[in-house]
Structure formats: C-alpha cells, structure tokens
Amino acid sequence: MERPDLERTLDRLLGPAGPEVGCDVCFDQLDRYVELELANEDADAALPGLRAHLHGCPACREEHESLLALVGGDQAP
Ligand SMILES: [Zn+2]
C-alpha cells in the first residue's frame, strides 16, 4: 500500500498531543483496525488508543475513512 510522503510529513506536523499512539503507529495498525471494525470485532479493545488518535487527528481520520470505504466495498477504480 502506498502513501504519499507529503501526507506522512503533514501528518507528523499535525499530529495531536496526548494519546500514546502516534501517527506512525496509527498508520501501521489502521489496516487491522478497519478489518476488525468490518468484522464487528472490538477494534477499540484490540488496538487501544487508536480510536482516540483517530478522533483527535484529522489526517489519520481521513485515512481511516478512505480505508473503510475502500475495504468496505465502496471502491473507485
Ligand atoms: Zn495521526
């Protein structure tokens, strides 16, 4: 999976202060998080802190939403 460098850099700059999960960790675990969500598993319990990070980080939230749309079947060619 490819992610634009600019987005990563931006994300680092915009990352929220607070939760122990950073953007790097978030990006690493996002695939799994979405898988769990779509499987109706407790993604929040399996990957603690991720949801809080998504809540506070617009860049990661956007990534999460596009991943959800992609994996959830609403994919564009
Ligand atoms: Zn982030």
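Going by the structure above, here's the rest.
Residues numbered from 1 in each chain as written. Predicted model: local features only at pLDDT ≥ 70, side-chain atom pairs only at ≥ 80, totals over all residues. Heavy atoms only, no water.

## Concerning the pattern of salt bridges
Tallied over the full model, the rule gives one salt bridge. Put simply, D44 and R51 hold a salt bridge, and the shortest N to O gap is 3.8 Å. (Salt bridge = Lys/Arg side-chain N within 4 Å of Asp/Glu carboxyl O.)

## Topic: the coordination of the zinc ion
In the first shell of the zinc ion, the protein supplies C23 (SG), H53 (NE2), C57 (SG) and C60 (SG), at 2.0 to 2.3 Å from the metal. Each donor residue of the zinc ion lies on the same chain, and together they follow the pattern C-x29-H-x3-C-x2-C. In this pair, the class of C57 matches that of C60, namely buried. (Donors = N, O, S within 2.8 Å, 3.2 Å for Na, K, Ca; no water. Buried < 20%, exposed > 50% of the residue type's maximum accessible area, 1.4 Å probe, protein only.)

## Regarding a nonpolar patch on the surface
Among the surface-exposed residues, L38, L70 and V71 lie close enough to one another that they form a single nonpolar patch of about 240 Å² accessible area. Tracing the backbone shows V71 in helix α5 (residues 58–71). (Patch = residues over 30% accessible without salt bridge, like charges linked within 9 Å, V, L, I, M, F, W, Y side chains within 5 Å. Areas by Shrake-Rupley, 256 points an atom, 1.4 Å probe, with all protein chains shown as cover. Helix = DSSP H or I, 4+ residues; strand = E, 2+ residues; numbered from the N terminus.)

## Brief notes about the nonpolar core
Counting 16 residues, the largest nonpolar core has C26, L30, Y33, L50, L54 and C60 as its most contacted members. The set of elements that each furnish at least two residues to this core consists of α2 (23–38), α4 (50–56) and α5. For this core, the leading source of residues is α2, giving seven residues. Setting aside residues no more than four positions away along its own chain, C26 makes contact with V21, L50, H53, L54 and C60. (Core = buried A, V, L, I, M, F, W, Y, C linked by side-chain atoms within 4.5 Å. Contact = heavy atoms within 4.5 Å.)

## Describing unusual backbone geometry
Here N40, not a glycine, exhibits a phi torsion of approximately 65 degrees, which is positive. Here N40 is to be found in the loop between α2 and α3 (43–46).

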